[in-house]
Amino acid sequence: NTMRGNGFMPEALKAFIEYLYYNTNITYATFSINSVNSSSTKIMNKLNIPIEKTLGNYIHYGLSLTKEPSW
């Protein structure tokens, strides 16, 4: 994939989270990622989205949208 490693996904996820914060009444977002998907887990860590729990092969991340994103 020629798009891999160009940093588009962290920016896209940040834009999505900002959209949720500024344009919806959603107060919490969860993301479930297969633990073997190291690219996605790195993005979550880069954006400081905390791990909520690990269940089986999945890591569940949770982000409160009650305050403005820190970036």
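Scroll up to find the structure.
Residues numbered from 1 in each chain as written. Predicted model: local features only at pLDDT ≥ 70, side-chain atom pairs only at ≥ 80, totals over all residues. Heavy atoms only, no water.

Digging into the nonpolar core
Counting 14 residues, the largest nonpolar core has Leu13, Ile17, Phe31, Met44, Ile49 and Tyr61 as its most contacted members. Those residues in contact with Tyr61, other than ones at most four positions away along the chain, are Ala29, Thr30, Phe31, Ile33, Thr41, Met44, Asn45, Ile49, Pro50, Ile51 and Glu52. (Core = buried A, V, L, I, M, F, W, Y, C linked by side-chain atoms within 4.5 Å. Buried < 20%, exposed > 50% of the residue type's maximum accessible area, 1.4 Å probe, protein only. Contact = heavy atoms within 4.5 Å.)

Examining the sheet that holds strand β3 (residues 58-64)
Pairing is antiparallel in the open sheet, where three strands are placed in the order β1-β3-β2. One side of each edge strand has no neighbouring strand; the edge strands of this open sheet are β1 (28-34) and β2 (51-55). Adjacent strand axes in the sheet meet at a mean angle of 20°, parallel and antiparallel pairs treated alike. Relative to β3, β2 runs antiparallel, the two being bridged by four bridges. Of the residues in β3, the one forming a bridge with Thr54 is Ile59. (Pairing = 2+ DSSP bridges. Helix = DSSP H or I, 4+ residues; strand = E, 2+ residues; numbered from the N terminus. Axes fitted to C-alpha atoms, helices over the stretch in contact; angles between N-to-C directions.)

Details of the packing of helix α1 (residues 8-23) against helix α2 (residues 38-46)
Between α1 and α2, the least distance of the axes is 10 Å, while the angle of their chain directions is 55°. Taken together, the axes of α1 and α2 lie oblique to each other. Once α1 is placed against α2, the crossing between them reads as right-handed. Contacts between α1 and α2 involve Met9, Pro10 and Leu13 on the former and, on the latter, Ile43, Met44 and Lys46. (Parallel < 35°, antiparallel > 145°, perpendicular 65-115°, else oblique. Left-handed = near helix turned anticlockwise from the far one by under 90°.)

A short note on the pairing of β3
Extensive coverage of β3 is indicated by the burial of five of its seven residues. In this sheet, β3 lies alongside β1 in antiparallel orientation, the contact comprising seven bridges. Across the sheet, residue Ala29 finds its bridge partner in β3, namely Leu63.

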